[in-house]
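Listed here are the chains, written in short residue letters.
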Amino acid sequence: MDKQKFGTAPVFFTAISTILGAIMFLRFGFAVGMVGLAGTIAIILIGHAVTIPTAMAIAEIATNQKVEGGGEYYIISRSFGLVIGGTIGIALYLSQAISVAFYIMAFTEAFRPLVSWLRETYVLLPWVGYLLDFPQTIGVPALLLLTLLILTKGADLGVKILYLVVATLGLALMAFFAGTTDYGRENSVEFFNSYSADAEVTDEALQELITEAEGDADPDTVYYPGGSAEISPAAPAEPEPDIPALSFFTVFAIIFPAFTGMTAGVGLSGDLRDPGRSIPRGTLAATLGGMVVYLFMAWKLSASAPPEALADTSNLIMADIAWQGWWIIPLGLAAATISSALGSILVAPRTLQAIAADKLFPAPGINAFLARGRGPSNEPYNSSLVTVILAAFFIMLGALDSVAEIISMFFMVTYGSLCLISFLNHFAADPSYRPTFRSKWYVSLFGAIACFGLIFIMNSTYAAAAVVLIGLLYVYISYSNPDKRSLALIFQGVIFQISRRIQIFLQKAEKEEKKSWRPSVIAVSDATFTRLGAFDLLRWLSQKYGFGTYLHYINGYLSHDTSEAASHTKERIIRMAEATESRIYVDTIVSPSYTSAIAQIIQFPGIAGTENNLLLLEYSKRGGEGLGDIIDNFKLIKSVDFNIGILGLSERGFGLKRTIHVWITRAHLESSNLMILLAYVMTGHSDWKDAEIKLFALFEESKLIEEEQRMFDLIETGKLPISRNNIEVLCRRDNTDVRGVIASRSGEADLVIMGFRDEALKRMKGELFAGYDDIGNVLFVNAAEAVQIR
């Protein structure tokens, strides 16, 4: 059995030591002073409205799947896909690595009393005094020592140290709750008493903060954070620091990171015996336990000191309140910060190692270097070195307050993602998602909305910076990993559920009478890869105004071989659709005859919840391939009153896509509106955006003026982008060769649209489509009923 595998305790202790960390000692009293007890309780409740749903989401996800090394990154990447998961994962790693620096810098605050005592007790060499002015003097050696322990002993030693620092942290909390002050004995708790920038701290209030250690207090000694000093009666009082009053959400932004350690233990998932059991128990226990401790602390702080003293960040107020606080509280601060740093330095390298193992970095050498581990438990040695270098860089920068806010933004993105994963899994209703612990979908949804909303409420500038950085990471990872852009199963499930519900809703909903027409086209061809005309025409009609389904017909009986061939063909057509950025749905149909295929196709439901209203077929004008099947099955098609478009394809194709000619005659008058609308719909595609539509009407001399005016009125009332100059009404005499007139006028047109009647096709058969060899592609249109242009 592997000695490196742990139980639930490390998860709980890692999380609780991060929750009850540096901000609790350094800024929680500041929050109580600024917004009062009621405001602090509101901050705790709002903060845990995010952290509790996140803890429940992690517990749910962890009991459904094995959480491997990388913890939160593993969960997100296996749910959202490697591109999105890698984007959030890198942001998560940066926040974890920078957190190491943040906690080490906070750790140095515990040494301020010692440094002051050294300065007052001994005469220091100038260079020693100079170095002690910088927190890096303590921070960098502390980071190196911590790193040495982790690299040489691994996570096992880290967890053992964790037990020691958690015990020290517990001692500090007990000393804090056991402490008393004169202010607490003489004043009652006020829920809405908070700091005002105009208020002053009186000498009496300061005196009340003097901690009277039982039997050890000296009346001539003032006990301050981490030490004491003789009271000099003649010494003038130092001026109080100028503390600006802050808004509720500004204080919330400063305090919120105190609640964000509940997922720290998830990063140990690769080192746990049973992650599915340890992560839910440890995470939920730490989250709820931390909330209870903070609620009691808010009450204790409010009862023990005035708001003005609490709001003064230059004073470690917990040390003034605690029993023996001059040494226990700094020790607790050191323990809390070093444990938080320890938790981050355990987790961050494992996140980086997992990202590299998924090969998300552009250079194979970088991935191999960072993914390489040591020992039987694959300790992330190289990733730890990188993390330490990054942390050292930020320690040398010094002030990390602004960086800490960006860290909290990244953590909020992570927590929002985890809640969203839980919600989407509920919505997708995947049978393979069977967690033993279940959150509620509305709890997860609330957590996700709260996370993403609070990001901008806390600090809109840093929120925008975080969003921009994550956006750049997404573009970079997507560009450098084109093989990992697949749609994650969770999104597929959600899309399927949404599509299903919309289709059912549309089918059941009462529909208004149709007053306008939009194309819902279904096209079929057995020559997709040799004659692209039908595919192109369908994608143009479906780009903006319509909906399209393209079916490739495979002649044969359904079998294992034909099924595999159909699947392979479908993949090829999907790639064609992607390459042309088409908005059409593609599929294949296997049938022993063209007739049986048509019988099935005309019964296909529309993909958008509307009935298909146009069947598009194609044939080659040169050899006539495909025309015979269309003629033979025309009666079957018309049995369901379909509008029909028959595309005659020439070698010239669609030319330059600059001109569309629509020909209207009295014999095809019922199809005229449909032809005009199809021409207009095509111009909605970018390939035809510069195209010019021209109308040609061929009528008897007695009808010329009447039909010309009808055309003008039709264009004006329908608001179609066709100029009057592009409408030409021609006289048709008894001996007029209609095909010759069309050829002379439309010989250079890129597409010619004309109508035909049922009776003419039944009578003339293939001759109806002959005689148009001198022009390009021709779309013959037959309307089942008159279409109105509104």
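The following paragraphs examine the structure supplied in this document. (Residues numbered from 1 in each chain as written. Predicted model: local features only at pLDDT ≥ 70, side-chain atom pairs only at ≥ 80, totals over all residues. Heavy atoms only, no water.)

Brief notes about the overall build of the protein
Right, on to step 1. When you go through the protein residue by residue, the secondary structure sums to 30 helices and twelve strands.
Right, on to step 2. Sorting the 790 residues of the protein into buried and exposed places 53% on the buried side.
Right, on to step 3. Nonlocal contacts in the protein, meaning residues at least 24 apart in sequence, comprise 83% of its contacts between residues at least 6 apart.
Right, on to step 4. For the protein, the exposed surface amounts to about 36,400 Å²; the carbon and sulfur share of it is 58%. (Helix = DSSP H or I, 4+ residues; strand = E, 2+ residues; numbered from the N terminus. Buried < 20%, exposed > 50% of the residue type's maximum accessible area, 1.4 Å probe, protein only. Contact = heavy atoms within 4.5 Å. Areas by Shrake-Rupley, 256 points an atom, 1.4 Å probe, with all protein chains shown as cover.)

Considering the environment of Gln603
Right, on to step 1. Note on placement: Gln603 falls in the loop between helix 24 (594-601) and strand 6 (614-620).
Right, on to step 2. In the structure, Gln603 is positioned 37 residues away from Val640 in sequence and 8.9 Å away in space, judged by C-alpha atoms.

Focus: a nonpolar patch on the surface
Right, on to step 1. Nonpolar side chains collect at one region of the surface, where Leu171, Met174, Trp326, Trp327 and Leu331 lie side by side and expose about 490 Å² of accessible area between them.
Right, on to step 2. Of all the elements in the fold, those that place two or more residues in the nonpolar patch are helix 8 (136-178) and helix 15 (325-357).
Right, on to step 3. At three residues, helix 15 tops the list of elements feeding residues into the nonpolar patch.
Right, on to step 4. By the element assignment, Trp327 lies in helix 15.
Right, on to step 5. For Trp327, a relative accessible area of 36% translates into the label partly exposed. (Patch = residues over 30% accessible without salt bridge, like charges linked within 9 Å, V, L, I, M, F, W, Y side chains within 5 Å. Salt bridge = Lys/Arg side-chain N within 4 Å of Asp/Glu carboxyl O.)

A closer look at helix 15
Right, on to step 1. When the terminal C-alpha atoms of helix 15 are compared, their 47 Å separation across 33 residues agrees well with the 48 Å that a helix rising 1.5 Å per residue should span.
Right, on to step 2. Most of helix 15 sits out of view: 29 of its 33 residues are buried.
Right, on to step 3. Just beyond helix 15, the residue with positive phi is Lys359, at close to 60 degrees. (Expected span 1.5 Å × (residues − 1).)

Describing the packing of helix 3 (residues 28-62) against helix 12 (residues 275-304)
Right, on to step 1. Contact geometry for helix 3 and helix 12: axes closest at 9 Å, N-to-C directions at 170 degrees. When the axes of helix 3 and helix 12 are compared, the pair comes out roughly antiparallel.
Right, on to step 2. By residue class, the composition of the contact of helix 3 with helix 12 is 23 nonpolar, nine polar and no charged. (Axes fitted to C-alpha atoms, helices over the stretch in contact; angles between N-to-C directions. Parallel < 35°, antiparallel > 145°, perpendicular 65-115°, else oblique. Nonpolar A, V, L, I, M, F, W, Y, C, P; charged D, E, K, R; others polar.)

Notes on unusual backbone geometry
Right, on to step 1. Positive phi, normally seen in glycine, also occurs at Lys657, with a value near 60 degrees.
Right, on to step 2. Tracing the chain through its elements places Lys657 in the loop between strand 7 (643-649) and strand 8 (659-665).
Right, on to step 3. Unlike most non-glycine residues, Lys765 shows phi in positive territory, near 55 degrees.
Right, on to step 4. For Lys765, the location among the structural elements is in the loop between helix 30 (758-764) and strand 12 (778-782).
Right, on to step 5. On the basis of relative accessibility, which here comes to 46%, the residue Lys765 falls in the partly exposed class.

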